[in-house]
Amino acid sequence: MTNNDILKKLRVALMLRDDQIVEILELVDFRISKSELGAFFRAEDHENYMECGDQVLRNFLNGLVIHLRGTKENPKNPNDVLAKHKAEIPKKETSKERPEFKATLKDAEKGRGDQKPSKSGSATKKPFKKNNTKTAPKVQVVEKVVYKNGKNKK
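These numbers were taken from a predicted model, which means no experiment stands behind them.

*Asks:* Looking at this structure, how should I read the nonpolar core?
*Replies:* Most often, soluble globular proteins have nonpolar side chains that are buried together. Counting residues in hydrophobic clusters, the biggest one holds 19 residues, and the most contacted among them are Leu7, Ile21, Phe40 and Phe60. Among the elements of the structure, helix H2 (18–26), helix H3 (34–40) and helix H4 (54–69) are those that each provide at least two residues to this core. Among the elements that make up this core, the one with the highest residue count is H4 (5 residues). Apart from the residues within four sequence positions on either side, Leu7 is in contact with Phe40, Phe41, Cys52, Leu57 and Phe60.

*Asks:* It is not clear to me how the pattern of salt bridges should be interpreted in this structure. Could you clarify?
*Replies:* Note that side chains of opposite charge can pair when their charged atoms are close. For the structure on display, the rule yields 2 salt bridges. We note a salt bridge from Asp18 to Arg11, for which the minimum N-O separation is 3.0 Å. What makes Asp18 partly exposed here is its relative accessible area of 22%. Among the salt bridges present, the one from Arg17 reaches Asp19, with a minimum N-O distance of 3.3 Å.

*Asks:* Explanation requested: unusual backbone geometry in the structure shown.
*Replies:* In this structure, Asp29 is a non-glycine residue whose phi angle is positive, near 55°. On the basis of relative accessibility, which here comes to 64%, the residue Asp29 falls in the exposed class.

*Asks:* Sorry, what's going on with H2 here?
*Replies:* Residues of H2 that are buried include every one of Gln20, Ile21, Val22, Ile24 and Leu25, and no others. Among the structural elements, helix H1 (3–13), H3, H4 and helix H5 (78–88) are those in contact with the buried residues of H2.

*Asks:* Quick question: what am I supposed to make of the environment of His67 here?
*Replies:* As for its placement among the helices and strands, His67 is situated in helix H4. Considering only alpha carbons, one finds His67 and Leu25, 42 residues apart in sequence, at a separation of 9.5 Å. Once residues lying within four places of it in the same chain are set aside, the contact partners of His67 are Ile24, Leu27, Lys76, Val81 and His85.

*Asks:* Sorry if this is basic, but what is going on with the packing of H2 against H4 here?
*Replies:* The geometry of a pair of packed helices is captured by two quantities: the angle between their axes and the separation between those axes. Where H2 contacts H4, the two axes come as close as 7 Å, and the packing angle between them is 90°. With respect to H4, the element H2 is oriented roughly perpendicular. Seen from H2, the contacting residues are Ile21, Ile24 and Leu25; seen from H4, they are Val56, Asn59, Phe60, Gly63, Leu64 and His67. A class-by-class count of the residues in the contact of H2 with H4 yields 6 nonpolar, 3 polar and no charged.

*Asks:* What should I look at first to understand the packing of aromatic side chains in this one?
*Replies:* The final tally for this structure, using the stated rule, is 0 aromatic pairs. In this structure, Arg11 is placed above the aromatic ring of Phe41, and the distance from its NZ or CZ to the ring centre is 4.2 Å.

*Asks:* What am I meant to see in H4 here?
*Replies:* Every α-helix carries 3.6 residues per turn, so stepping three or four residues along brings you back to the same face. The end-to-end C-alpha distance of H4, which contains 16 residues, comes to 22 Å, matching closely the 22 Å that a straight helix rising 1.5 Å per residue would cover. Tucked into the core, H4 has its buried residues touching H1, H2, H3 and H5. Gly70 sits one or two positions beyond H4 and adopts a positive phi of about 85°.

Calculation criteria
- Residues numbered from 1 in each chain as written.
- Predicted model: local features only at pLDDT ≥ 70, side-chain atom pairs only at ≥ 80, totals over all residues.
- Heavy atoms only, no water.
- Core = buried A, V, L, I, M, F, W, Y, C linked by side-chain atoms within 4.5 Å.
- Buried < 20%, exposed > 50% of the residue type's maximum accessible area, 1.4 Å probe, protein only.
- Helix = DSSP H or I, 4+ residues; strand = E, 2+ residues; numbered from the N terminus.
- Contact = heavy atoms within 4.5 Å.
- Salt bridge = Lys/Arg side-chain N within 4 Å of Asp/Glu carboxyl O.
- Axes fitted to C-alpha atoms, helices over the stretch in contact; angles between N-to-C directions.
- Parallel < 35°, antiparallel > 145°, perpendicular 65-115°, else oblique.
- Nonpolar A, V, L, I, M, F, W, Y, C, P; charged D, E, K, R; others polar.
- Phe/Tyr/Trp six-rings, centres within 6.5 Å; stacked < 30°, edge-to-face > 60°.
- Lys NZ or Arg CZ within 6 Å of the ring centre and 35° of its normal.
- Expected span 1.5 Å × (residues − 1).

Function-wise, these values are silent; they only describe arrangement.
Right, dumping it as structure tokens:
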């Protein structure tokens, strides 16, 4: 995994914008412009793509620690900081709030395309019970074979 991949995953996971990343880097006195930062997030085949160096990633991680935890003199709760980031994300006006999906029994039965849903409505099947009253003797299906691999044993 490259430094660019790590930076992209952190950006998505923490819901950070470019200007927030610039502010985080400034916490550790590392100056970078938004356009330089944007070059890290471009596609690899783009002409302005730039590989994120170790120094940039190291400073971002150190700044992120200060941003989330605060300093010794002024500690912060990381959950409060993340909640603040989430609240700053603008919501689209046209999209409705989508309720969380919960599977029903019908949906659970439709999960497999190779089987029809049962008519009883129960998604779980009863386990197969073995009839232990009559035990049949084991029948040897394959006879024992002596392999000769070209060596004569004496």
